[in-house]
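# Structural description and commentary
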Amino acid sequence: MATREEIMKLHDGELSEAEAQRVRASLSAEDRLRLEALREIGDAVREQLEARAGASKLDVWAGISDRLDAEPAAVVPLRRRRSIWIASGVAVLAAAATAMALMVGPHRPLDGVTIESVDFGESAGMLFQIHDTKTTVLWQTTNEEEQE
Amino acid sequence: MPTKPLNRQGESTSHPRAEDVDAELVAQARKGDKNAFRSLVERHQHKVYAVALGIVKNPDDARDLVQEAFLKVWKSLGSFQGQSAFYTWLYRIVTNLGIDHLRKVRAKVEYDDSRVHDEHDIAEGDHIVPQTAGLHPGRALESKETGLAIQRALDTLSDNHRAVLVMREVEGMSYRDMARAMGCSEGTIMSRLFHARKKMQAALAEHVKVEQMKKGT
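Thresholds, definitions, all that
- Residues numbered from 1 in each chain as written.
- Chains lettered and ligands numbered in written order.
- Predicted model: local features only at pLDDT ≥ 70, side-chain atom pairs only at ≥ 80, totals over all residues.
- Heavy atoms only, no water.
- Salt bridge = Lys/Arg side-chain N within 4 Å of Asp/Glu carboxyl O.
- Helix = DSSP H or I, 4+ residues; strand = E, 2+ residues; numbered from the N terminus.
- Buried < 20%, exposed > 50% of the residue type's maximum accessible area, 1.4 Å probe, protein only.
- Axes fitted to C-alpha atoms, helices over the stretch in contact; angles between N-to-C directions.
- Left-handed = near helix turned anticlockwise from the far one by under 90°.
- Contact = heavy atoms within 4.5 Å.
- Nonpolar A, V, L, I, M, F, W, Y, C, P; charged D, E, K, R; others polar.
- Phe/Tyr/Trp six-rings, centres within 6.5 Å; stacked < 30°, edge-to-face > 60°.
- Lys NZ or Arg CZ within 6 Å of the ring centre and 35° of its normal.
- pLDDT = per-residue confidence, 0-100.
- Expected span 1.5 Å × (residues − 1).
- 1 Å grid on protein atoms, 1.4 Å probe; cavity = no way out; pocket = protein on both sides within 12 Å on 5 of 7 lines; lining within 4 Å.
- Points joined across faces, edges and corners; volume = space filled by probe spheres on them.

What follows is about the pattern of salt bridges. Across all of its chains, the model carries 21 salt bridges over all chains by this definition. In this structure, R38 of chain B and E42 of chain B form a salt bridge, with 3.0 Å as the shortest nitrogen-oxygen distance. Linking R38 of chain B with E42 of chain B, this pair stays in helix α2 (residues 34–56), spanning 4 residues, or about one helical turn. For R38 of chain B, a relative accessible area of 26% gives the class partly exposed. Overlapping salt bridges bring together D12, E36, R39, D43 and R46 of chain A together with R168, E169 and R197 of chain B as one network.

Put simply, helix α3 (residues 29–55) of chain A and α2 of chain B touch, their axes get as near as 8 Å, and they point 120° apart. For α3 of chain A against α2 of chain B, the interelement crossing comes out right-handed. In this structure, α3 of chain A contributes L49, E50, R52, A53 and G54 of chain A to the contact, and α2 of chain B contributes H46, K47, Y49, A50, L53 and G54 of chain B. Looking at side-chain class alone, the contact of α3 of chain A with α2 of chain B contains 5 nonpolar, 3 polar and 3 charged residues.

Another point: the packing of aromatic side chains. Think of a pair of aromatic rings as described by two things: how far the centres are apart, and how the planes are tilted against each other in angle. Per the stated rule, a full pass over the model turns up 7 aromatic pairs over all chains. Judged by centre distance (6.5 Å) and plane angle (80°), the ring pair of F37 of chain B and F70 of chain B falls under edge-to-face. Highlighted residues: F37 of chain B in helix α2 and F70 of chain B in helix α3 (residues 59–76), separated in sequence by 33 residues. When sorted by exposure, F37 of chain B lands in the same class as F70 of chain B, which is buried. Here a set of aromatic residues connected by ring pairs shows up, and it is made of W61 of chain A together with F37, F70 and W74 of chain B. The ring of F194 of chain B has R4 of chain A sitting right over it, with the charged end atom 5.5 Å from the ring centre.

Turning next to the confidence of the model for chain B. All names here are of chain B. With 82% of its residues at a pLDDT of at least 70, chain B reaches an overall mean of 82. Across chain B, the element-wise mean pLDDT spans from 87 in helix α7 (residues 175–182) up to 94 in α3. Predicted confidence for residues 1–13 stays below pLDDT 50, and this span has 24 contacts to residues more than four positions away or in other chains. Both scores are given for the predicted complex: the pTM is 0.66, the ipTM 0.75.

All right, on to helix α1 (residues 18–30) of chain B then. All names here are of chain B. Counted at 1.5 Å a residue, the expected span for α1 with its 13 residues is 18 Å, and the 18 Å between its end C-alpha atoms agrees. Among the residues of α1, V21, D22, E24, L25, V26, Q28 and A29 are the ones counted as buried. Those residues of α1 hidden inside the fold are in contact with α2, α3 and α4 (86–106). Of the residues one or two after α1, G32 is the one with positive phi, at around 95°.

Now for the confidence of the model for chain A. Residue and element names in this part refer to chain A. Averaged over all residues, the pLDDT of chain A equals 74, while 51% of them reach at least 70. Here helix α6 (residues 143–147) stands out as the least confident element of chain A, with mean pLDDT 35; helix α2 (residues 17–26) is the most confident, with 96. Note that residues 143–148 has pLDDT below 50 and, in this model, 9 contacts with residues that lie over four places away or in other chains.

Once that is clear, we can look at empty space enclosed by the protein. This structure, assessed with the given rule, holds 1 cavity of 30 Å³ or more. Roughly 40 Å³ of volume is contained in the largest cavity. As for the largest cavity, its lining consists of R4, I7, M8, R34 and L38 of chain A together with H127, I128 and F194 of chain B. For the lining of the largest cavity, the elements supplying multiple residues, two or more each, are α1 (4–11) and α3 of chain A. The element that contributes the greatest number of residues to the lining of the largest cavity is α1 of chain A, accounting for 3 residues.

See below:
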């Protein structure tokens, strides 16, 4: 008989292949019914939300197409490099922009600089847009950086 | 990478994998091709809306979140490295926006019952009941009443419980990613997920019981 935690992790794909095999081998008839119940709940939630979303008349493009022109069409990704001068330059810019943000308030255009938090999926970061030069700088925190 | 001709929905005659189509559209959008970006929006808007709707409940808020998410994607395309699938990246963005939204709203809420079931607080012996409600796989919404019952059950969940359920069941996010998105431990995620599922199971069982009573009378 598997534990509650093992059953949940097995259902959610959180076990390694070896662990999953071991747990599958230990499942009782009740455990199998619990797994089936978990699948049923998941199906119900997914189907309901997708059906509700599908029934909505949604035209996201109409809502964002005009706004795209106001956003930077192309940005210069600035990832962490070994060259210390680049890192130093960005750090100085980030520090200056952050200081300005703290003084005036977050997410507001500041004397020619706009700062915005950005989600990159695996990581997060900040976007600094300098209006005069039309320069956009992305500061991305990678997993590697977070671990350091 | 050679590009294949794509129609408005981003499909080519050779029916490539959805992820490959996305990758190609992303590559074109990164060059400033708005038509390619439009195809990405149209390919994913309903699924992203389903995620947003599941997290924030209110349809208007969900629409705003979806728009905001796609704008963020447009602005950040240059930084997308393609290490994860585009849709994974997109769903994380809308999830994080949804969670930020809930945090703002939560400040106005006096009581959130997920706080009662947050940490490693699953009672000894507490378990998912070893019984299904008898819904057919892939056809859970066979009747309108069942759909309404599922929606009602979702609506009664706390924000935290509903969010983890949606992240897991609609997006397929891992415990680790959910914990990062919600700023809590994986143990807390498991606890929230367990309690959310227990409540959904109880609601489904109740619905089936009522339906059976109706048929019996």
